[in-house]
Amino acid sequence: MNVMSNGGGDDSRPARLTPVGQSTPVARDPYGPLGYGAPPPEADGSFAQDFLEYWRIFYKRKWLIAGVVVAAVAVSGVRTLMMTPLYTASVRIQIDRQAAKVVQAGEVEANDSRSYDFLKTEYELLQSRTVAERVASALKLGEDAEFLKPRGVSIPGAIASVFRPAPTGQQKADKAAMERRATGVIVANRGVRPVPGSRLVDVTYTDPDPRRAQRIANSYADAYIASNLDKRFQANAYAKTFLEDQIKQMKLRLEESEKVLLEFAEREQIVIVTEKASIAETNLAAANVALGQIISERIKNEQLWKQVAEANAINVPQLLSNSVIDGLRARRNVLTTEYQEKLETFKPTFPAMIEISSKIKEIDRQLATEVTTIKASLKAAYDTSLRQEEAVREQVETLRAEVLDLQKRSIQYNILKREVDTNRSLYNGLLQRFKEVDIAGGVGANNVFVVDRAQVPVVPSSPNMTRALVLAFGLGLGAGLAGAYLLERLDDTIRAPEEIERISGLATLGIIPKVAAGKTIEAEFSDPRSALSEAYRSLCTALQFSTDDGLPRTLLVTSAAPSEGKSITALAIARHFAAMGQKVLLIDADLRNPSLHAKLGLEAHMGFSNYLIGACNPPEAFQRTGIPNLTFMASGPLPPNAADLLASARVHSLLSIGHEVFDLIVLDGPPVMGLADAPILSSTAAATVFIVGAGQARTGMIRAALRRLQLSRGALIGAVLTKFDAKSAGYGYGYGYGYGYGGDGYTYGRQSLQDNDDRPQLPGVRKSA
């Protein structure tokens, strides 16, 4: 196979190639990112892509999630088994807004119209400590030692009991303290659950003894009803006393106000104040209406007069609508037309022309006289309206003074009369209320009823093993998923090809799988159908189409950090193209930590560094390998000034001379971070391939390394992901289409080969093991 090349040349530096996969400065493909990691267009940014990403995280961290779930379920199961069985008894009560009334308005509580606030208040009263104290006292729970025993195992409680002093005999005998403890136990174990959309309330009580739970639940409802009745009786007694005192005071005030009203009416001689006030106010209202109409008429006449008075021509509606003016204007128009027609034949001094001109002037005089007459009539109408307005205004002012005088004399009388009416109304209301309260005080009406009394529970309400395990499973799964997602976001190592493209903008030229445990790289290279061999062949194929000119003549292989597989990749590229018949020179340009000579089993006493210092010529530093068409130049002795040597002109000279002999020169460069060697070599080589080790290269390091290479104006044509493990990356046994190592990607055709071992083989090709 003859691979395209860019030809040789005498230039000291190889021709620069245009990388296809580089994001800058070359414009990217308008149809999307390049390389293996490019998402399909239909899934880009879609829900399916997000779901696959979450599934990858789940699969990658599945053992962490499973461990958290198992631990949560185990802890919940052990805790549930250690808990004491508890029984819950429930009693249902009904709380009405108002009690059934024997006497209308016999209740004395404030009639709050907000039902929600009323029910909320009742719920809080139902949970009050006062009701619990009634229950503890009625059932004598303070004397029940079994009832006061601690429930369940509490580690903080056990620790506190060690340091708590033992109770003395006086403390044990303190009945009030024991009742307070019993009240606290009731408050801690009772529950109040309103039934949504109704006035029903379920009161529950939980206890290790089912019969005691039933007894306390029923007693709790009875205590609440008794408390409600006590509150009503107390309110009625207080209201009766209060009303008696208010009635006495109101009676005295009513008598006094009536006396004052009569004395004032006699002194002011006010008998029929209402009729006089009505007549005066009616006259004043009628006068105001008439004044408004006259003012409107005056404004109208004024506007008509001003419009005509300011007109300089007959162009206003008042003049145009006049029949006399309209007739005069018509005659004038006829004469004017006749004059203009005869003017074409006769001169203005002709007698007939003079006669027509005289008629026109006479009509103009008549028009002026008629306009003056109309203006005078409009002015007269305006003056008449103005005089009427002034007269009506004087009448309105007179009526207003009369009304004010009458109102002044009636103010005090009305005040006294309203006071009498108010006192009489209050007195009657208090008297009626007193009679109702007196009758309702002896009626035991209540607004709380027991609907269903509590029964003895048969099945424990807690612990519920199934619910506890399901809840623990849900919480454990949520915690595991959250932990997996957090760890994934905190993990900035590169594990997948699309991550390289997202971070660097470079196309992914190849994905090299991780060598399985128990296998060696040499064994994988010896098998042409191994996943490793197939991956490197795919990489070399991508290199042939990586630039517009085909395969670069000089290729630098570097990485961000050591041990990412750059040396193996450089060797694999060189071996592949040498096997294809091209003359390849492989240079170990890592003058800090060379390794290629060990992989090839060659010496490194003379090589690249000797040539750079001028100690030898290139052929003297070349070594033959066991691979046809592959020549190797070792690194040579390690120099103290590697960067200075690489920056010399001898590197350009070596590459220029090498182009005359070799079809491809592959440089195994040092890592980028912390060294100046790789940027120098990148600026010298025609193309640079960036190696990223899956699971060990970090985002920040890769970005910094690429930034340094771009600043050195190196031609980055793409990236290669090495040591890729689909399982550790969270993609299961396959990753996309075409690079599911160990799956269908690199086993295609292997079964056919095994089934047809006796088929004819190509000349010079051995059967693979």
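## A word on a positive patch on the surface
And step 1. The grouping of Arg489, Arg502, Arg703 and Arg707 at the surface amounts to a positive patch.
And step 2. You can see Arg489 is positioned in helix α14 (residues 465–490).

## Examining unusual backbone geometry
And step 1. Of note, the bond from Ser462 into Pro463 is cis; its omega dihedral lies within 30 degrees of zero at 0°.
And step 2. Within the secondary structure, Pro463 is located in the loop between β4 (448–452) and α14.
And step 3. Positive phi values are uncommon outside glycine, yet Asn629 reaches one of about 70°.
And step 4. Relative to the elements of secondary structure, Asn629 occurs in the loop between β8 (622–624) and β9 (630–633).
And step 5. Of note, Lys723 is a non-glycine position whose phi angle comes to about 55°, a positive value.
And step 6. Among the secondary structure elements, Lys723 is positioned in strand β12 (residues 716–724).

## Comments concerning a nonpolar patch on the surface
And step 1. Together, Phe47, Phe51, Leu52, Trp55, Phe58 and Leu481 give the surface a local cluster of nonpolar side chains, amounting to about 670 Å² of exposed area.
And step 2. Structurally, the position occupied by Phe47 is in helix α1 (residues 47–60).
And step 3. In this structure Phe47 comes out as exposed when scored by relative accessible area, which is 68%.

## Focus: the nonpolar core
What tends to happen in soluble globular proteins is that the nonpolar side chains get buried as a cluster.
And step 1. Leu543, Ile573, Phe577, Leu586 and Val666 are the most contacted members of the largest nonpolar core, which has 35 residues in total.
And step 2. Per-element tally for this core: the top contributor is helix α18 (residues 566–579), with 8 residues.
And step 3. Judged by nonpolar contacts, the second largest core, of 33 residues, contains Val91, Ile95, Ala132 and Leu148.

## Notes on the pattern of salt bridges
And step 1. On inspection of all chains with the given rule, the structure shows 16 salt bridges.
And step 2. Note that Glu133 is salt-bridged to Arg129, the shortest N-O span being 4.0 Å. With Glu133 and Arg129 both in helix α4 (residues 129–139) and 4 residues apart, the pair spans about one turn of that helix.
And step 3. Under the relative-accessibility criterion, Glu133 is labelled partly exposed at 41%.
And step 4. Note that Arg424 is salt-bridged to Asp421, the shortest N-O span being 3.6 Å.

## Section: helix α25 (residues 699–711)
And step 1. Helix length check: α25, at 13 residues, gives a terminal C-alpha distance of 18 Å against a target of 18 Å (1.5 Å per residue), a fit within 8%.
And step 2. The complete set of buried residues in α25 reads Thr699, Ile702, Ala705, Leu706 and Leu709. When α25 is viewed along its axis, its buried side chains cluster within an angular range of 135° and face the same direction.
And step 3. In this structure, the buried residues of α25 make contact with α15 (497–504), β6 (554–559), α24 (677–684), β11 (687–693) and β12.
And step 4. Immediately beyond the C-terminal end of α25, within one or two residues, lies Arg713, with a positive phi of roughly 65°.

## Digging into the sheet that holds β4
And step 1. Strands sit in the order β2-β3-β1-β4 across an open sheet of 4 strands; the sheet is antiparallel. One side of each edge strand has no neighbouring strand; the edge strands of this open sheet are β2 (190–194) and β4. Mean inter-strand twist for the sheet, computed between neighbouring axes without regard to direction, equals 30°.
And step 2. Across 5 bridges, β2 lies against strand β3 (residues 200–207) in antiparallel orientation. Pairing of Pro194 across the sheet is with Val201, part of β3.
And step 3. This element, helix α3 (residues 115–126), spans β1 (87–95), β2 and β3 of the sheet and lies at about 140° to β1.

What counts and what doesn't
Residues numbered from 1 in each chain as written. Predicted model: local features only at pLDDT ≥ 70, side-chain atom pairs only at ≥ 80, totals over all residues. Heavy atoms only, no water. Patch = residues over 30% accessible without salt bridge, like charges linked within 9 Å, V, L, I, M, F, W, Y side chains within 5 Å. Areas by Shrake-Rupley, 256 points an atom, 1.4 Å probe, with all protein chains shown as cover. Salt bridge = Lys/Arg side-chain N within 4 Å of Asp/Glu carboxyl O. Lys, Arg positive; Asp, Glu negative; His and termini not counted. Charge placed at Lys NZ, Arg CZ, Asp CG, Glu CD. Helix = DSSP H or I, 4+ residues; strand = E, 2+ residues; numbered from the N terminus. Buried < 20%, exposed > 50% of the residue type's maximum accessible area, 1.4 Å probe, protein only. Core = buried A, V, L, I, M, F, W, Y, C linked by side-chain atoms within 4.5 Å. Expected span 1.5 Å × (residues − 1). Arc of directions from axis to C-beta. Contact = heavy atoms within 4.5 Å. Pairing = 2+ DSSP bridges. Axes fitted to C-alpha atoms, helices over the stretch in contact; angles between N-to-C directions.

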